[in-house]
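# Inside the fold
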Amino acid sequence: MNPATGPGTASRPLRPELSVVVPAFNEGENIDALISNLVPVLEECVASFEILFVDDGSSDDSLMRIMRFAEADGRIRALRFSRNFGKEIALAAGLDHARGEAVALIDADLQHPPEILKIFVARWREGYEMVYGQRIDRSTDGPIRRWLTDRFYRLFRKFGEIPLPEGAGDFRLMDRKVVDALRQLGERARFSKGLYAWVGFRSIGVPFEVQERLHGTSKWGLQKLTRFAFDGLSSFSTLPLKLATYLGIGISIFAMTYAVSIALRTLIWGSDVPGFPTLVVSVMFFSGIQLVFLGIIGEYIGRIFAEVKRRPLYIVAEEIGGDPIEKPEAVPLRVKPRARAHP
Ligand code: UDP
Ligand code: MG
């Protein structure tokens, strides 16, 4: 019997009950531990499953280790990206290629405890279409990162188009319906937390404690995080653009009042020509402000440009392992990149 299918999926034998998508970028040291923790949990809570690794252009032995497991176990598969595309894109690829009735996302570094998946599955069977892990505390992050994260969420709560649930990240389980909805959102700047919230569906949070990273260090530097935060704000809010309008209105009112006061003064006391420093300072100040907002507008235009180019989100260099089953019946929603052989 095909081990990727079980009695629970008899009506549609080609889909495992659960797919677990694992993005991995240089996680060689964590792969063995992850699989040996994950497999027993899955065997216990679902009838059939597949583990789909997305190797995000790792330069270490991640892929080799995954391949070893995939050879021995048809339930373990992998996609190899042609280069590093980033976690958000790796997750998108995972959702595109997962075949399960439900799809769970989990980090490769064991910061997301696999046992929580049992609760996810239970909630899903109760009828929730999206079950997300809600981190109880962020003590595994540094103080600066925690502070910045906190600021960001406050800002987003105030100005974003949609409310983000507190402490929810990528660790979650989604029903096939949700996955198919997410796959229709082909945005390049992927702020997935926002996308999850945007698609809606019956959702519930499951609190969990984030573990320490098993090996290695986080791949999110400050720069990557800042970029991500701006992606988030700019894809779900036009506040940065509106700021320019508000500030412009405010400054114009101030300038008009000032003009009136100068006119009155000239009428009453006659004209003199002081205030040269004021002139220089104000000219510099306002050109500064203009440049800042030109920059912000430029960011939006850059994003519009990136979207209209309609490049594929990612390039899969190789698909590894998995039982030879028919392609999932869901038609690919995006034009698949044609892998071109380089000489
Ligand atoms: N990851 C990835 N591509 C990247 C960076 C990270 O696929 O460019 C994966 C990484 O292997 C891990 C998950 O995303 O499985 C979370 O990454 P990390 O632990 O570095 O982030 P953090 O836990 O600090 O948010
Ligand atoms: Mg991590």
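Read on for an overview of the structure.

Definitions and limits used
- Residues numbered from 1 in each chain as written.
- Chains lettered and ligands numbered in written order.
- Predicted model: local features only at pLDDT ≥ 70, side-chain atom pairs only at ≥ 80, totals over all residues.
- Heavy atoms only, no water.
- Helix = DSSP H or I, 4+ residues; strand = E, 2+ residues; numbered from the N terminus.
- Buried < 20%, exposed > 50% of the residue type's maximum accessible area, 1.4 Å probe, protein only.
- Contact = heavy atoms within 4.5 Å.
- Areas by Shrake-Rupley, 256 points an atom, 1.4 Å probe, with all protein chains shown as cover.
- Donors = N, O, S within 2.8 Å, 3.2 Å for Na, K, Ca; no water.
- Near = heavy atom within 4 Å.
- Polar contact = N/O pair within 3.5 Å; in protein donor to acceptor, adjacent residues only side chain to side chain.
- Nonpolar A, V, L, I, M, F, W, Y, C, P; charged D, E, K, R; others polar.
- Pairing = 2+ DSSP bridges.
- Axes fitted to C-alpha atoms, helices over the stretch in contact; angles between N-to-C directions.
- Core = buried A, V, L, I, M, F, W, Y, C linked by side-chain atoms within 4.5 Å.
- Salt bridge = Lys/Arg side-chain N within 4 Å of Asp/Glu carboxyl O.
- 1 Å grid on protein atoms, 1.4 Å probe; cavity = no way out; pocket = protein on both sides within 12 Å on 5 of 7 lines; lining within 4 Å.
- Points joined across faces, edges and corners; volume = space filled by probe spheres on them.
- Patch = residues over 30% accessible without salt bridge, like charges linked within 9 Å, V, L, I, M, F, W, Y side chains within 5 Å.
- Parallel < 35°, antiparallel > 145°, perpendicular 65-115°, else oblique.
- Left-handed = near helix turned anticlockwise from the far one by under 90°.

## Topic: the overall build of the chain
In terms of helices and strands, the chain carries ten helices and eight strands. Taken across its 343 residues, the chain has 43% of its residues classed as buried. A fraction of 85% describes how many contacts in the chain between residues 6 or more apart in sequence connect residues 24 or more apart. On the chain, roughly 18800 Å² of surface is accessible, and the fraction owed to carbon and sulfur atoms is 62%.

## Considerations on the coordination of the magnesium ion (ligand 2)
Tetrahedral metal sites with four donors have an ideal angle of 109.5 degrees; octahedral sites with six donors have ideal angles of 90 or 180 degrees. Asp109 (OD) and Gln111 (OE1) make up the full set of protein donors to the magnesium ion (ligand 2), lying at 1.9 Å. Of the two residues, Asp109 and Gln111, both sit in the buried class.

## Comments concerning the site of ligand 1
Near ligand 1 lie 18 residues; those nearest to it are Glu27, Asp56, Asp109, Ser218 and Lys219. Between an oxygen atom of ligand 1 and a side-chain N or O atom of Gln111, the distance comes to 2.7 Å. Split by residue class, the shell around ligand 1 holds five nonpolar, four polar and nine charged.

## Some thoughts on the sheet that holds strand β7 (residues 203–208)
Sheet architecture is open: eight strands sit in the order β7-β5-β6-β4-β1-β2-β3-β8, paired in mixed fashion. Looking along the sheet, the strands with just one partner apiece sit at the ends: β7 and β8 (316–321). Across this sheet, the average inter-strand angle for adjacent strands is 20°, counted without regard to direction. With five bridges joining them, strand β3 (residues 76–81) and β8 adopt antiparallel strand pairing.

## As for the nonpolar core
One finds Val21, Phe81, Leu105, Met174, Leu182 and Tyr314 to be the most contacted residues of the largest nonpolar core, which totals 39 residues. A per-element tally of this core places helix α3 (residues 87–97) first, with six residues. Those residues in contact with Met174 that lie beyond four places of it in its chain are Leu95, Ala102, Val103, Leu105, Glu129, Met130, Val179, Leu182 and Tyr196.

## Here's the deal with the pattern of salt bridges
Here the idea is simple: oppositely charged side chains can pair when their charged atoms come close. All chains considered together, the criterion is met by 18 salt bridges. Two residues, Arg65 and Asp61, come together in a salt bridge whose shortest N-O distance is 2.8 Å. Looking at Asp61, the relative accessible area reads 28%, which means it is partly exposed. Glu129 is paired through a salt bridge with Lys177; the nearest N and O atoms lie 3.1 Å apart. In this pair, Glu129 sits in the loop between α4 (116–126) and β5 (130–135) while Lys177 sits in helix α6 (residues 176–183), placing the two residues 48 residues apart along the sequence. Note on Lys177: relative accessible area 47%, which makes it partly exposed.

## A look at empty space enclosed by the protein
A probe matching the size of a water molecule, rolled over the atoms, marks out where space remains unfilled. Evaluated as defined, the whole model comprises two cavities of 30 Å³ or more. The volume enclosed by the largest cavity comes to roughly 60 Å³. Lining the largest cavity are Glu88, Leu91, Ala92, Leu95, Leu182, Arg190, Ser192, Leu195 and Tyr196. Listing elements by their share of the lining of the largest cavity, those giving two or more residues are α3 and α7 (192–199).

## Observations regarding a nonpolar patch on the surface
On the surface, a cluster of nonpolar side chains totalling about 570 Å² of accessible area is made up of Leu241, Ile297, Ile301, Ile304, Phe305 and Val308. It is helix α10 (residues 276–308) that contributes the most residues to the nonpolar patch, five residues altogether. Topologically, Leu241 is positioned in helix α9 (residues 239–269). Note on Leu241: relative accessible area 31%, which makes it partly exposed.

## Describing the packing of helix α1 (residues 28–45) against α4
The contact between α1 and α4 brings their axes to 10 Å, and the two run at 25°. Regarding the angle of α1 to α4, the classification is roughly parallel. As α1 runs across α4, the sense of the crossing is right-handed. Residues Leu38, Val41, Leu42, Glu44 and Cys45 of α1 pack against Leu117, Lys118, Val121 and Arg125 of α4. Partitioning the contact of α1 with α4 into residue classes produces six nonpolar, no polar and three charged.

Geometry only, nothing functional implied.
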